[in-house]
Amino acid sequence: MLRRYLLYLVRWQLSTPILAVCCAYFAHFGNVIATIIANFIGGLLFFWVDRFIFSRRLDGPIWAVEESVTCAGCGQVTRGYRLVATRNYDRRQDETPQFRCEPCSARKVHALRADGVVFE
């Protein structure tokens with residue numbers, strides 16, 4: 001997170017001279033129009049830089065926990081656990097999430113590790 005923040009600060013500092021050059025170049029249109037054009041150009045350029053900086057690489061697995069769910073593994077009604085996402089496993093858009101009790105969840109994690117899903 002600190003690395004991303006530092007990259008963002010560097011990006012912010014780089015945007016100042018670029019936008020200043022744009023404002024100076026388009027100054028003959030007037031200050032307001034030059035500023036609008038400079039910000040538009042900055043948006044076109046820095047959208048891609050910000051996308052790179054803030055593209056989310058998962059730092060660790062994301063879990064969902066709910067009370068009183070029916071386990072997808074054994075059918076027991078209990079507290080349910082569900083792995084939502086990790087580095088190469090993403091079920092954030094799952095329309096029918098499957099929660100599992102603690103023992104079934106442990107078996108599922110073991111099976112996912114055997115399939116090569118990375119847990120970091």
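Just so you know, these numbers come straight off a predicted model, no measurement behind them.

*Asks:* Mind showing me how you'd approach the overall build of the protein here?
*Replies:* If you tally the helices and strands in the protein, you get 3 helices and 3 strands. Counting from the amino terminus, the protein carries its helices and strands in the arrangement α-α-β-β-β-α. The C-alpha radius of gyration of the protein comes to 24 Å, more than 25% above the 14 Å expected for a compact globule of 120 residues. Seen through its principal axes, the protein has C-alpha atoms that stretch 75 × 25 × 20 Å. Within the protein, contacts between residues separated by at least 24 positions form 47% of all contacts whose residues are at least 6 apart in sequence. The averaged location of the 10 negative side-chain charges in the protein is 5 Å from the averaged location of its 15 positive side-chain charges.

Definitions and limits used
Residues numbered from 1 in each chain as written. Predicted model: local features only at pLDDT ≥ 70, side-chain atom pairs only at ≥ 80, totals over all residues. Heavy atoms only, no water. Helix = DSSP H or I, 4+ residues; strand = E, 2+ residues; numbered from the N terminus. Rg over C-alpha atoms; globule rule 2.2 N^0.38 Å. Contact = heavy atoms within 4.5 Å. Lys, Arg positive; Asp, Glu negative; His and termini not counted. Charge placed at Lys NZ, Arg CZ, Asp CG, Glu CD.

Nothing here speaks to function; it is all geometry.
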